[in-house]
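One letter stands for each residue in the lines below.
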Amino acid sequence: MGDKYIHKRSRVTDLNSREKSIIGVYHLARALDSFLLNMKLLITTCVTAMCFVGIRCDTTPTSEKKDNVKDVLDEHNVELTIDPNDDYQLELVQVMFRHGDRVPDRAEIYKTDPYDEIFKSHGYGQLTKVGKQRVYKIGQILRKRYGGFLGDYNSSDVYAYSTNVDRTKMSLQLALAGLYPPSIKTSWNDKINWSPIPTHNDPLGTNFLMGFACPRYDHLYEEVRKSAEIQERLRKYNDFYMFLHNQTGITTFTPTSIFMIYNNIHAARSLGLDLPKWCSEDDYKTILEISPIAMRVLTHTDVMKRILGGLVIEEFLNNIEDRIENSRKIYLFGGHDLNIASFTNVHNFTNIPSIPDYGSTIVFEQVKKKDGRDDELYIRVCI
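Quick caveat, the model's predicted, so the values are computed rather than measured.

Draft legend 1. Representation of the side chain of Asn263 in the model. Of note, Asn263 is situated in helix H10 (residues 255-270). The class for Asn263 is buried, based on a relative accessible area of 5%. A polar contact of 3.1 Å, which involves the side chain of Asn263, links it to the side chain of Glu108. Among residues more than four places away in sequence, those in contact with Asn263 are Arg102, Glu108, Asp337 and Tyr358.

And the structure:
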């Protein structure tokens, strides 16, 4: 894993603490500096479809799929052990990841959906078996990288938080199961290779991972969606929209409506289902062309960036500040594609997919130099 020194400290001296935290939405290095004046930013890039775990959803036809889910996941494994010759000493880890593969939500079912009964039998919006394997694997790889740093489970070392949605809460539990397998010290039942670990969440109105549910944000989103710029970008797809309308029954042509069709098909393929008969590979490619517009609209204005990106950055910075007074070693945050996409949009990450796949993960490591030659703190970002 190579380190790239992308950003160094940027001084911000003429703003109060609250204003400085808002600036963090635009430039992570500046925000970090506003809280801890002796901090620098390192960017470590492990580019495998943005997910540092490097696991992509298997979308091969059912007849060609591998027999063992583990074979599919392990095939894309990425080596993530910490180099023993690393010049930096780890102090704190913060992880934000998208939930595992899921069944479409009820709102993503269209009128002519051929797989509705299959989706219903699994439970709308619920994790699939592949999704459970994927996020469990995230925990295992985190364990591989940070096991020496974390040691056995200790309640004061870890804090796990998610949105108040079944699939994110379950994904958080599965990642924790992979991260903290029972040891001789923590095992409580020889027949169950699992230890309970508390998780936390807040309801929609107070959950910092759900900034897109803010009424003000909703109003801003609608303004952007209806703007001349976005309408112009969609105009060349008008004929394709009419095709979708005739085939699926959708009645509005917006980035979100097309993105919901994408989510439906992507989830179906993860379940091993073929493309619907109405959807050719070329049609699916067109859907893939349109859907990223929905991700870009999320952070189209500066205020939208503050709402979606600022809440997450503020949480991360508060945890860094709190590290001075507590012994916490790792934070895990279970979220959605919108969380990953809005964060990468706000900070202008490049060469990554515009739509975060299942299990996409961003890791923040707070480190300091081992040689003790300076007192500066560094943030290493793994994407």
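Draft legend 2. Up close: the packing of helix H5 (residues 129-150) against helix H6 (residues 166-179). H6 packs onto H5 with a crossing angle of 40° between their chain directions and a minimal axis gap of 6 Å. On the basis of the axis angle, H5 is oblique to H6. Taken as a pair, H5 and H6 cross one another with a handedness that is right-handed. Contact with H5, carried on its side by Lys132, Val135, Tyr136, Gly139, Gln140, Leu142, Arg143 and Leu150, involves Met170, Ser171, Leu174, Ala175, Ala177, Gly178 and Leu179 of H6 and no other residues of that element. Among the residues making up the contact of H5 with H6, the classes are represented as nine nonpolar, four polar and two charged.

Draft legend 3. Summary view of the pattern of salt bridges. This structure, assessed with the given rule, holds 11 salt bridges. A salt bridge links Asp86 to Arg380; its shortest N-O distance comes to 3.0 Å. Linking Asp86 in the loop between helix H3 (69-74) and strand S3 (88-98) with Arg380 in strand S8 (residues 377-382), this pair joins segments that are 294 residues apart in sequence. Residue classification places Asp86 among the buried residues on the basis of a relative accessible area of 13%. In this structure, Arg380 engages Glu365 in a salt bridge whose closest nitrogen and oxygen atoms are separated by 2.7 Å. Of the two residues, Arg380 is situated in strand S8 and Glu365 in strand S7 (residues 361-369); the sequence distance between them amounts to 15 residues. Via salt bridges that share partners, Asp86, Arg145, Glu365 and Arg380 belong to a single interconnected network.

Draft legend 4. Structural view of the side chain of Asp283. Considering the arrangement of structural elements, one finds Asp283 in helix H11 (residues 281-290). One buried charge, Asp283, has no salt-bridge partner; the nearest side chain with opposite charge is Lys285, at 11 Å. Beyond its immediate chain neighbours, meaning those up to four positions away, Asp283 contacts Phe240, Phe243 and Trp278.

Draft legend 5. Examining a nonpolar patch on the surface more closely. A contiguous nonpolar patch, built from Trp188, Ile192 and Trp194 and spanning about 320 Å² of accessible area, is present on the exposed surface. Position of Ile192 among the secondary structure elements: in the loop between H6 and strand S5 (200-201).

Draft legend 6. Spatial organisation of unusual backbone geometry. If you check the backbone angles, Asn348 has positive phi at about 55° while not being a glycine. For Asn348, the position within the fold is in the loop between helix H14 (337-346) and S7. You will see that Asn351, though not glycine, has its phi angle at about 60°, which is positive. Relative to the elements of secondary structure, Asn351 occurs in the loop between H14 and S7.

Draft legend 7. Summary view of the packing of H10 against H11. One can describe the packing of H10 onto H11 by two numbers: an axis separation of 9 Å at closest approach and a directional angle of 125°. Relative to H11, the element H10 is oriented oblique. Taken as a pair, H10 and H11 cross one another with a handedness that is left-handed. Side by side, H10 and H11 meet where Ile258, Ile261, Tyr262, Ile265, His266 and Arg269 of the first sit next to Glu281, Tyr284, Ile287, Leu288 and Ile290 of the second. Its residues assigned to classes, the contact of H10 with H11 comprises eight nonpolar, one polar and two charged.

Draft legend 8. Seen up close, the pairing of strand S4 (residues 158-162). Extensive coverage of S4 is indicated by the burial of four of its five residues. Here S4 pairs with strand S6 (residues 330-335) via five bridges, running parallel. Residue pairing for S6: Val158 is matched across the bridge by Ile330. Handedness of the crossover joining S4 and S5 through H6 is recorded here as right-handed.

Criteria and cut-off values
- Residues numbered from 1 in each chain as written.
- Predicted model: local features only at pLDDT ≥ 70, side-chain atom pairs only at ≥ 80, totals over all residues.
- Heavy atoms only, no water.
- Helix = DSSP H or I, 4+ residues; strand = E, 2+ residues; numbered from the N terminus.
- Buried < 20%, exposed > 50% of the residue type's maximum accessible area, 1.4 Å probe, protein only.
- Polar contact = N/O pair within 3.5 Å; in protein donor to acceptor, adjacent residues only side chain to side chain.
- Contact = heavy atoms within 4.5 Å.
- Axes fitted to C-alpha atoms, helices over the stretch in contact; angles between N-to-C directions.
- Parallel < 35°, antiparallel > 145°, perpendicular 65-115°, else oblique.
- Left-handed = near helix turned anticlockwise from the far one by under 90°.
- Nonpolar A, V, L, I, M, F, W, Y, C, P; charged D, E, K, R; others polar.
- Salt bridge = Lys/Arg side-chain N within 4 Å of Asp/Glu carboxyl O.
- Lys, Arg positive; Asp, Glu negative; His and termini not counted.
- Patch = residues over 30% accessible without salt bridge, like charges linked within 9 Å, V, L, I, M, F, W, Y side chains within 5 Å.
- Areas by Shrake-Rupley, 256 points an atom, 1.4 Å probe, with all protein chains shown as cover.
- Pairing = 2+ DSSP bridges.
- Right-handed = clockwise from strand over helix to strand, strands pointing away.

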